[in-house]
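Fold and geometry: a report
What follows is the residue order along each chain.
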Amino acid sequence: MAYVDVARLDEIPSDRGLRVQVNGIDLGLYRMGDRVYAMEDDCPHAGFPLSEGEFRDCVIVCKAHGWPFDVRTGFDPDNPDGFPIPCFAVRIVDGRIQVDPDDRINDPQRP
Ligand code: FES
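Residues numbered from 1 in each chain as written. Predicted model: local features only at pLDDT ≥ 70, side-chain atom pairs only at ≥ 80, totals over all residues. Heavy atoms only, no water.

Before going further, it helps to spend a moment on the sheet that holds strand E3 (residues 25-32). Spatially, six strands are ordered E1-E9-E8-E4-E3-E2 in an open sheet, and the strand pairing comes out antiparallel. Bordering the open sheet on either side are strand E1 (4-8) and strand E2 (18-22), each of which pairs with just one other strand. Each strand of the sheet is rotated relative to its neighbour by a mean of 35°, with strand direction disregarded. With two bridges joining them, strand E4 (residues 35-40) and strand E8 (residues 87-93) adopt antiparallel strand pairing. (Pairing = 2+ DSSP bridges. Helix = DSSP H or I, 4+ residues; strand = E, 2+ residues; numbered from the N terminus. Axes fitted to C-alpha atoms, helices over the stretch in contact; angles between N-to-C directions.)

This is the structure in structure tokens:
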């Protein structure tokens, strides 16, 4: 595992995500109180940046066509049998957000 420093906690808005890039992966960071979640940022429908959508109650709604995704799990809350968007391990160290792009926390292949 190798955590990468990506942003300050206070850079993440409360009503949308913050787009960052880690090792070539575009991620959206989402803040819920003092917890932060990291999810791949390209919408699986047509590739729009999810982080530009409206974020509320754990769910980001894509600005392009309205598909919703729970940032804690990567799943569409209306379709839990679908494929999740990859989500990654996050830690906060001294107010800095760190993401491990090698630690996908919702990998269906993960034991
Ligand atoms: S690009 Fe996201 S819902 Fe269409």
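Once you've had a look at it, read on.
Throughout the structure, instances matching the rule amount to seven salt bridges. Between Asp42 and Arg19 there is a salt bridge, with its nearest N and O atoms 3.7 Å apart. Of this pair, Asp42 sits in the loop between E4 and strand E5 (54-56) while Arg19 sits in strand E2, and the two are 23 residues apart along the sequence. By relative accessible area, Arg19 is classed as partly exposed at 36%. (Salt bridge = Lys/Arg side-chain N within 4 Å of Asp/Glu carboxyl O. Buried < 20%, exposed > 50% of the residue type's maximum accessible area, 1.4 Å probe, protein only.)

Treat this as a map of the structure, not an account of what it does.
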